[in-house]
Each structure stands twice: as structure tokens, then as C-alpha cells.
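Residue-level structural notes
Single-letter residue listing:
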Amino acid sequence: MSTPDTVRFRFNQAILVASVIAFIGALPLANARAYLLPVLLVPLGVGVWAWRAGTDADSRELRLRALFGQRRIGWDHVVEFATDARGRAVARLDDGQQVVLPAVRGTDLPRLVSATGQRMPDESAETPGA
């Protein structure tokens, strides 16, 4: 369950709509022969992933959710946030590991940091004499 102070990041819900349309479109193919029934599992799996996967952040921890399972990371293990070459947000942990945060873009980092109860450093204050 999410609390009011939990910040949730999810993938675009158009993926879920597309998976429903793909499931309906695959029904005639799957009904043609019994061995084609597993074709329905692909859009079903994509739909469940689109509905479930993402990142939740609150004042205690980060929760990374996938199709099956989730990973909880306490804020005391997060050293810093960064972005990778594709613009995705990455958390660097105290053990040297880098974890890509599902559904979090680099532009979402201020919202993510605000979930910790802290503030982002003011970039204009860091530039001396500009």
C-alpha cells in the first residue's frame, strides 16, 4: 500500500492499453490451433509488467518493482543519483553497485529526492561569480 507521502513512478499506461489490444488481436490466432495458445502469454505478460513495474520512494526506502518481485533499498545505502547515457535515473549504492530505477527519468530526480524529505542542491548557488 502506498502512503500519501509515497512518490510513485510508473511506465506510460499506453503500454497496458496496447497489450490489451494485442491480446484481443491474438485471440483468433490462438483459437486456430491448440499449440498456438501460448501466444496469448506474451501480451498478458507485457500488460502485467506495465501495470506493476516501477519505482516507489518514501522517507524510509526505495522500492523497485518488476514483473515478479520487488527490491527494497534503504536510503542509508544510496550514495548518489545520476543519469545514464539513455537518460534513465541510476542509484549508486554504498557497495559500488549501480541500480537503474525503473520508470524514473533523469528529469524526475527532483521529485525522487523530495520523497526523502531533503532538498536538491541549488545549482545557481554552486556557480561562483557567474
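Here the structure is shown first, and the text comes after it.
Residues numbered from 1 in each chain as written. Predicted model: local features only at pLDDT ≥ 70, side-chain atom pairs only at ≥ 80, totals over all residues. Heavy atoms only, no water.

Time to look at helix α1 (residues 14–32). Taking 1.5 Å as the rise per residue, α1 with 19 residues should run 27 Å; its terminal C-alpha atoms sit 28 Å apart, in good agreement. Taken as a whole, α1 carries its principal kink of about 35 degrees at A26; the proline P28 stands between one and four residues after it. Inspection of α1 places S19, A26 and A30 among the buried residues, and these make up the whole buried set. At its buried positions, α1 is contacted by α2 (41–52). (Helix = DSSP H or I, 4+ residues; strand = E, 2+ residues; numbered from the N terminus. Expected span 1.5 Å × (residues − 1). Bend = angle between axes of the 7 residues up to and from the residue. Buried < 20%, exposed > 50% of the residue type's maximum accessible area, 1.4 Å probe, protein only. Contact = heavy atoms within 4.5 Å.)

Its place among the elements puts D94 in the loop between β6 (88–93) and β7 (98–105). Of the residues examined, D94 reaches a relative accessible area of 48% and is grouped as partly exposed. Sequence-wise, D94 and V78 are 16 residues apart; in three dimensions their C-alpha atoms are separated by 6.1 Å. Setting aside chain neighbours within four positions, we find D94 in contact with D76, H77 and V79.

Bringing the pattern of salt bridges into the picture now. Pairing is possible between side chains that carry opposite charge, provided their charged atoms lie close to one another. Scanning the model with the defined rule gives eight salt bridges in all. For D56, the salt bridge is made with R10, and the minimal N-O distance between the two is 3.0 Å. Note that D56 is positioned in strand β2 (residues 54–57) and R10 in strand β1 (residues 7–10), a separation of 46 residues in sequence. Here D84 makes a salt bridge to R88, at a shortest N to O gap of 2.8 Å. Its relative accessible area of 23% is what places D84 among the partly exposed residues. (Salt bridge = Lys/Arg side-chain N within 4 Å of Asp/Glu carboxyl O.)

For the coordinates displayed, the defined rule picks out two aromatic pairs. Centre to centre, the rings of W75 and F81 are 6.0 Å apart; their planes meet at 80 degrees, and the pair counts as edge-to-face. (Phe/Tyr/Trp six-rings, centres within 6.5 Å; stacked < 30°, edge-to-face > 60°.)

Turning our attention to the sheet that holds β2. In spatial order, the strands read β1-β2-β3-β4; together these four strands make up an open sheet with antiparallel pairing. The sheet is open, and its two edges are formed by β1 and β4 (70–74), each paired on a single side. The average angle at which neighbouring strand axes cross in this sheet is 15 degrees, direction not considered. Summarising the sheet, β2 and strand β3 (residues 61–65) pair through four bridges and their orientation is antiparallel. Each bridged residue has a counterpart across the sheet, and for G54 the counterpart in β3 is R65. (Pairing = 2+ DSSP bridges. Axes fitted to C-alpha atoms, helices over the stretch in contact; angles between N-to-C directions.)

Function cannot be read off these values alone, since they describe shape.
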